[in-house]
Structure formats: C-alpha cells, structure tokens
Amino acid sequence: MEKNTFYITTPIYYPSDKLHIGHAYCTVATDAIARYKRLQGCDVLFLTGTDEHGQKIEDKAKAAGVTPKEFVDRIVAGEKGVLDLWKLMNISNDRFIRTTDDYHVKAIQRIFRKMHDKGDIYKGKYVGKYCKPCESFWTETQLVDGKCPDCGGEVQDAEEEAYFFRLSKYADRVQHLLEDTDFLEPRSRVHEMINNFIKPGLEDLCVSRTSFTWGIPVDFDPGHVVYVWVDALFNYVTALGYENDKYDDYEKYWPGVNIVGKEIVRFHSIIWPAMLMSMEMPLPKKVYGHGWLLLDGGKMSKSKGNVVDPYQLADRYGVDALRFFLLRTFPFGSDGTFSNELLISTINTDLANDLGNLVSRTTAMIVKYFGGTLPAEREAGTEDAALIEVGSALRKKYAEQMDKFQLQNGIAEVFRLLSRANKYIDETAPWVLSRDETKRARLASIMYNLLEACRISAVLLTPIMPETCEKILDRIGAPAAARTWESVAAWGAMPACAAVSAGEALFPRIDAKKELEALEALNAPSAPAVEPVLPDVSIDEFAKCDMRVCKVLKCEAVKKSEKLLCFTLDDGSGTPRQILSGIHKFYEPETLVGKTVVAILNLPARKMMGKESNGMLLSAVREENGEEKLHLLMLDDSVPAGYRLC
Ligand code: MSP
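Just so it is clear, the model here is predicted, and its values are computed rather than measured. All residue numbers here refer to positions counted from 1 along the written sequence of the relevant chain. Thresholds applied to this predicted model are a pLDDT of at least 70 for local features of residues and 80 or more for the giving and counting of side-chain atom pairs; totals over whole chains, interfaces and linings are not thresholded and use all residues. Water and hydrogen atoms play no part in the side-chain values, which are based on all heavy atoms of the structure.

Draft legend 1. Quick look at the nonpolar core. Counting 114 residues, the largest nonpolar core has Leu 355 and Met 447 as its most contacted members. Here the element with the most residues in this core is helix 18 (residues 440–461); it accounts for 14 residues. Residue contacts follow a heavy-atom distance rule, with two residues in contact if any of their heavy atoms lie within 4.5 Å. Leaving out residues up to four positions away in the same chain, Leu 355 has contacts with Asp 350, Phe 415, Leu 418, Leu 461, Met 465, Ile 472 and Phe 507. The set of buried Ala, Val, Leu, Ile, Met, Phe, Trp, Tyr and Cys residues whose side-chain atoms join them within 4.5 Å is what this entry labels a nonpolar core. Exposure categories follow from relative accessible area, calculated using a 1.4 Å probe and restricted to protein chains: below 20% of the type maximum is buried, above 50% is exposed, and the middle band is partly exposed. If you look at the next biggest cluster of nonpolar residues, it comprises 68 residues, including Met 115, Trp 138, Leu 205 and Val 228. Under the scheme used here, helices are H or I runs from DSSP no shorter than 4 residues and strands are E runs no shorter than 2 residues, and both carry numbers assigned from the N terminus.

Draft legend 2. Geometry of the site of the ligand. Nearness here has a simple test: a residue counts as near a molecule or strand if at least one of its heavy atoms is within 4 Å of that partner. Not every one of the 24 residues close to the ligand is listed here, only the nearest: Ile 12, Asp 51, Gly 261, Glu 263 and Leu 293. Interatomic distance of 2.8 Å between a backbone N/O atom of Ile 12 and a nitrogen atom of the ligand. We define a polar contact as two N or O atoms separated by no more than 3.5 Å, with the added condition that, inside protein, one atom must be a possible hydrogen donor and the other a possible acceptor, whereas residues neighbouring each other in sequence contribute only through side-chain atom pairs. The separation between a nitrogen atom of the ligand and a polar side-chain atom of Asp 51 is 2.7 Å. Accessible surface area values rest on a Shrake-Rupley calculation with a 1.4 Å probe, where residue burial reflects the displayed protein chains alone. If the ligand stood free it would expose 670 Å²; the protein chains cover 95% of that surface. Throughout, the protein atoms alone are placed on a 1 Å grid, and a set of points is a cavity if a 1.4 Å probe fits but cannot get out or a pocket if it is open with protein on both sides within 12 Å along at least five of seven lines; lining residues have an atom within 4 Å of a point. Put plainly, a molecule is in a cavity or pocket when over half of its atoms are within 2 Å of the grid points there. When atoms are counted within 2 Å of each cavity's grid points, the one that captures over half of the ligand is the second largest pocket. Taken together, the elements giving at least two residues each to the shell around the ligand come down to strand 1 (5–13), helix 1 (21–39), helix 8 (228–233), helix 9 (235–238) and strand 12 (257–261).

Draft legend 3. Broad picture of a nonpolar patch on the surface. Every patch collects residues that have over 30% relative accessible area and no salt bridge, joining them within 9 Å if they carry like charges and within 5 Å if they are nonpolar side chains (Val, Leu, Ile, Met, Phe, Trp, Tyr). Whenever Lys or Arg places a side-chain nitrogen within 4 Å of a carboxyl oxygen from Asp or Glu, that contact is recorded as a salt bridge. Where nonpolar side chains cluster on the molecular surface, the patch consists of Val 537, Ile 539 and Phe 542 and spans about 310 Å² of accessible area. Relative to the helices and strands, Phe 542 is located in helix 21 (residues 539–543).

Draft legend 4. Looking closely at the layout of surface pockets. Space inside the second largest pocket adds up to approximately 1200 Å³. Residue lining of the second largest pocket: 41 residues in total, with Tyr 14, His 23, Lys 56, Glu 263 and Lys 299 positioned closest to the centre. If you list the elements that add at least two residues to the lining of the second largest pocket, you get strand 1, helix 1, helix 2 (55–64), helix 8, helix 9 and helix 11 (265–278). When residues of the lining of the second largest pocket are assigned to their parent elements, the largest contribution, 4 residues, is made by helix 1. Residues were grouped as follows: Ala, Val, Leu, Ile, Met, Phe, Trp, Tyr, Cys and Pro as nonpolar; Asp, Glu, Lys and Arg as charged; and all remaining residues, including Gly, as polar. Across the lining of the second largest pocket, the residue classes break down as 19 nonpolar, 12 polar and 10 charged. Grid points are joined across faces, edges and corners, and a volume is the space filled by probe spheres set on the points.

Draft legend 5. Molecular detail of the sheet that holds strand 16 (residues 336–337). For two strands to be treated as a pair, DSSP must find at least two bridges joining them. In space, the 3 strands of this open sheet follow the order 15-14-16, with mixed pairing throughout. The sheet terminates laterally at strand 15 (298–299) and strand 16, the two strands that pair on one side only. Relative to strand 16, strand 14 (residues 293–295) runs parallel, the two sharing 2 bridges. When the sheet's bridge partners are listed, Leu 293 is paired in strand 16 with Gly 336.

Draft legend 6. Highlighting unusual backbone geometry. The amide bond that connects Glu 185 to the next residue, Pro 186, takes the cis arrangement and shows omega of -10°. You can see Pro 186 is positioned in the loop between strand 7 (184–185) and helix 7 (188–198). Here the bond from Trp 254 into Pro 255 is cis, since omega is 5°, no more than 30 degrees from zero. Positive phi is not limited to glycine here, since Lys 80 has a value of about 55°. You can see Lys 80 is positioned in the loop between helix 3 (68–77) and helix 4 (82–88). On the basis of relative accessible area, Lys 80 is assigned to the partly exposed category, the value being 41%.

Draft legend 7. Local environment of the packing of helix 6 (residues 171–180) against helix 7. Where helix 6 contacts helix 7, the axes come no closer than 9 Å and their chain directions differ by 155°. With respect to each other, helix 6 and helix 7 are oriented roughly antiparallel. Regarding helix 6 and helix 7, the two cross each other, and that crossing is left-handed. Residues Val 174, Gln 175, Leu 178 and Glu 179 of helix 6 form the contact with helix 7, whose own contacting residues are Val 190, Met 193, Ile 194 and Ile 198. Looking at the contact of helix 6 with helix 7, its residues break down into 6 nonpolar, 1 polar and 1 charged. Under this scheme, a helix contributes an axis fitted over its contacting stretch, all axes are lines through C-alpha atoms, and angles between N-to-C directions fall in the 0 to 180 degree range. Between 65 and 115 degrees an angle is taken as roughly perpendicular, under 35 as roughly parallel, over 145 as roughly antiparallel, and anywhere else as oblique. For any pair of crossing helices, the crossing counts as left-handed if the nearer helix is rotated counterclockwise from the farther one by less than a right angle, and right-handed if it is rotated clockwise.

Draft legend 8. Local environment of the packing of aromatic side chains. Centres within 6.5 Å are what make two rings of Phe, Tyr or Trp a pair, Trp counting through its six-membered ring; a difference in plane orientation under 30 degrees is then read as stacked, over 60 as edge-to-face, and the rest as tilted. Overall, the coordinates contain 23 aromatic pairs when judged by the stated rule. For the pair Tyr 36 and Trp 485, a centre-to-centre distance of 5.8 Å together with 80° between the ring planes defines the contact as edge-to-face. Taken as a pair, Tyr 36 in helix 1 and Trp 485 in the loop between helix 19 (466–475) and helix 20 (512–523) lie far apart in primary sequence, 449 residues in all. Like Trp 485, Tyr 36 is buried. Put simply, the rings of Tyr 25, Tyr 288, Phe 325, Phe 330, Phe 332, Phe 338 and Phe 405 pair up and form one aromatic cluster.

Draft legend 9. Looking closely at the pairing of strand 13 (residues 286–290). The element strand 13 is extensively covered by neighbouring structure, given that 5 of its 5 residues are classed as buried. Because side chains alternate across strand 13, one face comprises the buried residues Lys 286, Tyr 288 and His 290, and the other comprises Val 287 and Gly 289, equally buried. Pairing analysis gives 2 bridges linking strand 7 to strand 13, with the strands arranged parallel. Residue pairing in the sheet places Glu 185 in a bridge with Tyr 288 of strand 13. Bridge count for strand 12 against strand 13 is 5 bridges, and the pairing is parallel. Within strand 13, the position partnered with Asn 258 by the bridge is Val 287. In this region the chain leaves strand 12, passes through helix 11 and returns to the parallel neighbour strand 13; the handedness of that crossover is right-handed. Here the term right-handed applies to a crossover when the path leading from its first strand over the helix to its second strand runs clockwise, the strands being oriented away from the viewer.

Any functional reading would require information that these geometric values do not contain.
This is the structure:
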C-alpha cells in the first residue's frame, strides 16, 4: 500500500538578521502546501528551522559583543524573532530545527565520519575564492567579472588545509537525475544547473574550514569545523531522527519535498543528492526552486536597507490578507515584484469585493428573507446549472494546480467560482423574488446554491487563509462534515436548512490613496525624528550637573524585571556606586562589564524594584519608526574613572 505520509521542508534560515517578507513568502507557501496535504488527509510532517553556524554569524556576534550562541538565540527566540514571526504568520510547522541543537550536531559528526570512512571525504588543500556574505567558495572560472556569481560581491583569496567531498564522482548520476527525472522543478532551473554548473565540470567541494570556529567540530580532526552546507543540508534528515535518538521518524517520512529559493537550488539539486548518493540514502522526492520577491527591481536585503517588514503589514491588514496576497499574486516558480499598491489592490479586489462581498451578501439575504435559517423547499432554475458546474469541477482543477505547487493557479480556480457566484446573484436578482410569496422555494434554492459556493471556496482556501475560512464556514453554518476534502468533491454537502449568521465585513475596503500615504509616512526615513532643541539653560545651571566617567565593575539583570539592569560602578571615589538603568532591551549585562560609561551622579537617590539607584547612566536615544533606539554612552577605555564632564 502506498504511504499516506508527506514530508515537506523550508530552507533553514540564517539568523544573521531579522527575517523579512521574502523569507515569510517561502515559509507561507510551504505552509499552504502542508495544510493542503493535511486537508487531503495525508499524514504531514512540516519542518522549518535555522542555519546557525558559519563565519558570518561569528563575525556579527563579535561586532555585537556577544557569543555566537547568544546572538542566534536572540534572533531566533527573542522578541519578534524567527519563532515569533512564524507564530504571527500562522505557520503550522510540526518541527523546528536549529543546527546548534545537540542531536543535530552529533548526527552531523557521524555523517561526516561515514563519508570520510567511505573515502568520499578526503583531506586536501583549499585554494580558491571565498564570498563571505554567501558563505560560498568559488573557483576562478565560476566568478563573474572577478566577483561572486551569486551576489556580485567581492571575493577573497583563500588557502588552507581542508576536507573535500568527492562531488566529481557523482557528476554523471546527478546529471542523469536532473535531465531524466522530475526531481528538480520548475524545469527552467534544470537547464540553469546543467549549463552553469554540470557542463563546466563539477569540482570536489570543500567541506571543512579551519579559519573560524563557529561550526560543528570534525570530531576526528580537531581544528576543523564542518563547513556550513554539510551541516545545513542534512538538517532535513537529522530532524527526522537520522543518526540520532531524538526522533524516530526517518523511515516513516523520508524522502520528502524540499522547497527552496532559486539561489540555493545549486546546493539542493547537485550537492545534496550527491551526498545522499554517497550515504546511500534515498533522494528527496522533489526539490522545488521558487523565485524571489523583489523590491524596486532588486533582491531584498538587510544590508541594502530595502526590506519589507511582515509585522507592519500583518498588523495593518491581518495575517490572512498578507498570506493571501503573497500566494495569489506571485507565480511561485518565478520572481515577483512587491509593492504596497499591489497589496492594497489585491485586498480590495479579491478579498473585499469578490470573497467578502459574496459571503456578506449571501448571509445578509438569508437573514433578511428567512430569518437566518433556510426553509427546506426548493425550486431549481435555469441559471443554476452554470454555477453548479463550476463548483462541482473545482476540486479537481484546484488539486491539479496545487499538486504542481502552482498555488496562484489553484487560488485562481477558486476565484472563478466566486466570480461565477457573484454573477449568479445578478442573474437571479433575489431581491425581486423576495417580494413575491410564491417564489419562496426558488429564493431558497438560490440561497442554498450561494451557500454552497461560499462553502466550497472556503474549504479550498483554508490552506491559504486558515482563520478567515474557518470564520466563513462558521458564519454560513457549515457542519464539520461539510468542511472536509471529500465534501468538496461534489455540490450539495450543506444541510438543507442551514442556519447562518450575518456579521461584520471580513475584509473592509481600504481607501488606497489614504493608505499609501499612511504607509509612506510610516516608512519614511527617520530623519524627522530629530527632536527640536530645548530652551536655553544658563551655564551655571548646566554646571550643577555632576557628570563623571565611570567603569562598569559589575552588571546584572534585576530579578523579576524585564527592563532593569543593576550596575556597580567605579566612579573614582573609591566607593562602588549602584545605578539602575532600564536598558536590558538593548544590552545583555555581561557585555557591559569593563566598559567606560558616563553617569550623572547628583540626582536624588531612587528606589526601583526594591533596589536603590544613585544616579543615571547617559545614553544617546531617539525614536525611529515608532521604535526606541538607544546607545549607552561609552568612552575610550583610556579615560580614567572619576573624570568630570564639562
Ligand atoms: N541557510 C541557507 C539555506 C540552507 S537550507 C539547507 C540560506 N538561508 S537564507 O536565510 O539566506 O535564505 C533562506 C531562504 O529564504 C532561501 O530559500 C532564499 O531564497 C529565501 N529568501 C530570502 N530572500 C528572499 C526574497 N526576497 N524572496 C524570496 N525568497 C527569499 O540560504
């Protein structure tokens, strides 16, 4: 019997910065596919996670004055971090892997050793070019105008002792896999892989580094850490329990489907299968390479400062509207350009007009004409057939598209039914029938058909907008049996005497002009936040403030307080001074020990959380886009404690 399991993964994201709408796009799409499969009754395992090792993270942590683990912990599990974002976006992942998880680390060491024992990983010397932002090594011939072929950035010469994976050994098998099977989709990506990477010749791949330490140690050769792609790619199986005892799902769920962005198709369709071949493991059922969400014609990136914040959009329009927009608008396999205009017009046209209106009008008419509960009598009419035909054929057409991950086409099929139903209202003109007592049966039939259109659409849109669709199904009084995949195979699963409730608009229409102005103001560069200069003070008044250079002797978080840090300072007097400061949001206490700061000492003592504060630390502060930014004033460490500021 064929297994009814379905395993699907997103890439694991680098927690080097906060994630943006481009990352959310990939995860929302994968979530919709997972939910679609669950709707069909599959036993789904949906995995996402974070790829936490590598030089970039090591460097960033250093710059932030924290350990790499502290750095990634904050981005993954901190406020508005990766976990918070997926919660906000209503992502239904069953598992979340972090490559720093102990079970993964141990499993990678075993996997690395196995490939080494087999002779597929060997020690050699690495000479090449390294692109730091992409964490990729390139040969001279792969560079474009001497720059990284992925990001166009500068590359550095690199030479060191390293382990290599015999990628060349698997070149023929990988080529066959790409050319003769539908392992990689869309098909256009296959040509890209063959022409750009396989035809020029696959060279063995560097899989260990000695130039940084933030990685999984090669346990049989201290000093080497596993280079990030071996560590990253095998997450898809370690998260199932491969080579570890944490889980026991490998046999049940592997192989699965890997959804990835186009720039990492190379790693997933060449290196990943080659390594699995070496390990004699089954290959993924499919690797699907989706396109990028562009902004102003380019890729969004934090370093370019052109990212769109999913929190802001979800907050203004609701999570479902945002999920819908991402999946309805951009063909999953190609690039698409994000714009606020497009977002607002999609919400107005599809959600407020087509879907929202149909549900509101249908339920309002049933309340008005029948007190909310449909009577049992029926009378068919000539207008019915066209609507019923579209509705009855919908599931099959929708599934054909969703099975190919053509989410936007699947949604478009549903919208054909919604448009047809809105047209049906115009054709049948229920408001005219409602004035004629003899037409009650006909009116009831029309209402029933409209409810059916709402029901089938809502069930099939559930993977895209889970909360809204549940609301719709509640509102039209659909029982559990009328919400299943089976129930939308044919017309007529609504109970004859359905009871509905009218309610507020599901998606209020947005005034596009006003909203665009509001968004622009909200996202305007923060220059206007500079506060006006305060009224003059006399020099004598200023001189009364005793501001001194202090050294941080100790710094600890105050128990039960989210904000407060308790500083013990050397103010030059010989007696340690205690000052409390509400800056925990901006600094981890241990990073401040030893720093040279400035405090105003002659403020009256204050008690906070039962502790006394004798003065105040000085910081540079301002508000940017509604968010407080703060930098504690720090001086060169050569300035001794006790010096006065004047
Ligand atoms: N850590 C690697 C993946 C390892 S998977 C074994 C990585 N991380 S990433 O954070 O840089 O990117 C993760 C995914 O986000 C990629 O698939 C990438 O394509 C996707 N996106 C990042 N920006 C994007 C857009 N602007 N649009 C669409 N997807 C985008 O690569």
